[in-house]
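Single-letter residue listing:
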Number of protein chains: 2
Amino acid sequence: MKRTGFAKADCPVARALDAIGDWWSLLIVRDAFDGLRRFGDFQENLGIAKGMLTARLRKLVELGVLEQVAASDGSAYQDYVLTKRGRELFPVVVSLRQWGEANLFVRGEPHSVLVDAQGERVGRLVLPSKAGKPLAWSDTSVKKVARKR
Amino acid sequence: MKRTGFAKADCPVARALDAIGDWWSLLIVRDAFDGLRRFGDFQENLGIAKGMLTARLRKLVELGVLEQVAASDGSAYQDYVLTKRGRELFPVVVSLRQWGEANLFVRGEPHSVLVDAQGERVGRLVLPSKAGKPLAWSDTSVKKVARKR
């Protein structure tokens, strides 16, 4: 897939997809939210080839989404943990989850669920107006950047 | 990229990424939210090869994200419009936008913005608890499906 120029797009959606919009990167980020930190743990959970995982982790570190830290158990390993920039991907992962839950499972089919500290299932993501009123997609529009001549 | 079995994953994130987690599909969905309907308009806006666009549109129709309808101008063309399932991708597109805005532009660099009907910029997506309290990622955890033995 050819990727030309979207890293410099003036649309933040395009730029975000250029940076993290491949399937493996977002699954690695999902696993990091679930507490995985080790190369071997990502590898086992994702069933991804080692070379592919190495490349994706390196890219996520370069991008400032993950950082390498000394292993929490004092061993010689390096752990991968989410940075602030990485943790800000939480709504991306949750929105994918909620769309999947609503549209890609038949009734009664089991799936993992996102719960709060009390074990209650979370609500749906809400897009608020500046004043805090929930907005539907039809209440919004994209204001493009004026093109220089 | 090998994609094995995630269409049947019990993680909704993995299933969602299997379905719509390629770069072009989400950019087509973004354009549909912006009001684009015509093959030629998607093609021009995305700078995507015709064969690639044809394949992606077909997949999005099969998936029930887009549907083909008679052209709004009465011509012989078919328009592509978002279905209910497609419109439910709005938080996915918005979350990518907000992450991109916050992390991939330098200060003062121009980008498109999402505004409400009054032209005010929208707020950040909020994940509410069942009772409506805003949750951070650290307030949540994923409850996995119990494996059958």
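Computed from a predicted model, the values in this text were never measured in an experiment. (Residues numbered from 1 in each chain as written. Chains lettered and ligands numbered in written order. Predicted model: local features only at pLDDT ≥ 70, side-chain atom pairs only at ≥ 80, totals over all residues.)

Focus: the interface of chain A and chain B
Our working rule: Each residue is represented by a C-beta atom placed from its backbone, and any two residues with such atoms within 7 Å are regarded as in contact. Secondary structure elements are defined from DSSP: runs of H or I of at least 4 residues count as helices, runs of E of at least 2 residues count as strands, and each element is numbered from the N terminus. Three classes are used: nonpolar for Ala, Val, Leu, Ile, Met, Phe, Trp, Tyr, Cys and Pro, charged for Asp, Glu, Lys and Arg, and polar for all others, with Gly counted as polar.
Taken together, the contact pairs 63 residues of chain A with 63 residues of chain B. Of all the secondary-structure elements, those providing two or more residues to the side of chain A that touches chain B are helix H1 (12-20), helix H2 (23-33), helix H5 (84-87), helix H6 (90-103), strand S3 (113-116) and strand S4 (140-143) of chain A. Of the residues belonging to the side of chain A that touches chain B, the class tally is 36 nonpolar, 11 polar and 16 charged.

Overview of helix H1 (residues 12-20) of chain B
Basically, it comes down to this: Each residue is classified by how many other C-beta atoms fall within 10 Å of its C-beta atom, where C-beta atoms are placed from the backbone; a count of 20 or more means buried, 12 or fewer means exposed, and values in between mean partly exposed.
Taken across its 9 residues, H1 of chain B has 9 buried, putting it largely inside the fold. Within H1 of chain B the residues assigned to the buried category are Pro12, Val13, Ala14, Arg15, Ala16, Leu17, Asp18, Ala19 and Ile20 of chain B. The elements touched by buried residues of H1 of chain B are H2 and H6 of chain A together with helix H2 (23-33) of chain B.

Let's talk about the relation of the copies chain A and chain B
Put simply, the two copies of the chain differ by a rotation about an axis and a shift along that axis. In plain terms, the rule: Copy-to-copy alignment: least squares on C-alpha atoms, limited to residues at pLDDT 70 or above in both.
Each copy superposes on the other: chain A lies on chain B with an RMSD of 0.0 Å after a rotation of 180° and an axial shift of 0.0 Å. Taken together, the rotation and translation describe the operation of a two-fold axis. Distance from the rotation axis, computed per C-alpha, reaches its smallest value in chain A at Val126 of chain A: 2.6 Å.

Describing the packing of H2 of chain A against helix H4 (residues 50-62) of chain A
All names here are of chain A. As a reminder of what qualifies: Structural elements are reduced to axes, namely lines fitted to C-alpha atoms, with helices fitted over the stretch in contact, and the angle between N-to-C directions of any two is expressed from 0 to 180 degrees. Here roughly perpendicular refers to angles of 65 to 115 degrees, roughly parallel to angles under 35, roughly antiparallel to angles over 145, and oblique to all remaining angles.
Relative to each other, H2 and H4 sit at 75°, their axes nearing to 10 Å. In terms of orientation, H2 and H4 fall into the roughly perpendicular class. On H4, the residues touching Trp24, Ser25 and Ile28 of H2 are Met52, Arg56, Leu57, Lys59 and Leu60. Its residues placed into classes, the contact of H2 with H4 shows 5 nonpolar, 1 polar and 2 charged.

A closer look at the nonpolar core
Short version of the rule: To define a nonpolar core, we join buried Ala, Val, Leu, Ile, Met, Phe, Trp, Tyr and Cys residues through C-beta atoms within 7 Å and take the resulting set.
Residues Val93 of chain A together with Val93 of chain B are the most contacted members of the largest nonpolar core, which totals 64 residues. Those elements that place two or more of their residues in this core are H1, H2, H4 and H6 of chain A together with H1, H2, helix H4 (50-62) and helix H6 (90-103) of chain B. Excluding residues within four positions of it along the chain, Val93 of chain A makes contact with Leu26, Val29, Arg30 and Phe33 of chain A together with Val13 of chain B.

Looking at the environment of Val94 of chain B
Looking at where Val94 of chain B falls in the secondary structure, it is placed in helix H6. For the pair Val94 of chain B and His111 of chain B, spaced 17 residues apart in the sequence, the C-alpha separation amounts to 14 Å.

Some details on the confidence of the model for chain A
As a reminder, the rule being used: A residue's pLDDT is the confidence the predictor assigns to it, expressed on a 0 to 100 scale.
Per-residue pLDDT for chain A averages 90, and the proportion of residues at 70 or more is 95%. Scoring the predicted complex yields pTM 0.92 and, for the interface, ipTM 0.92.

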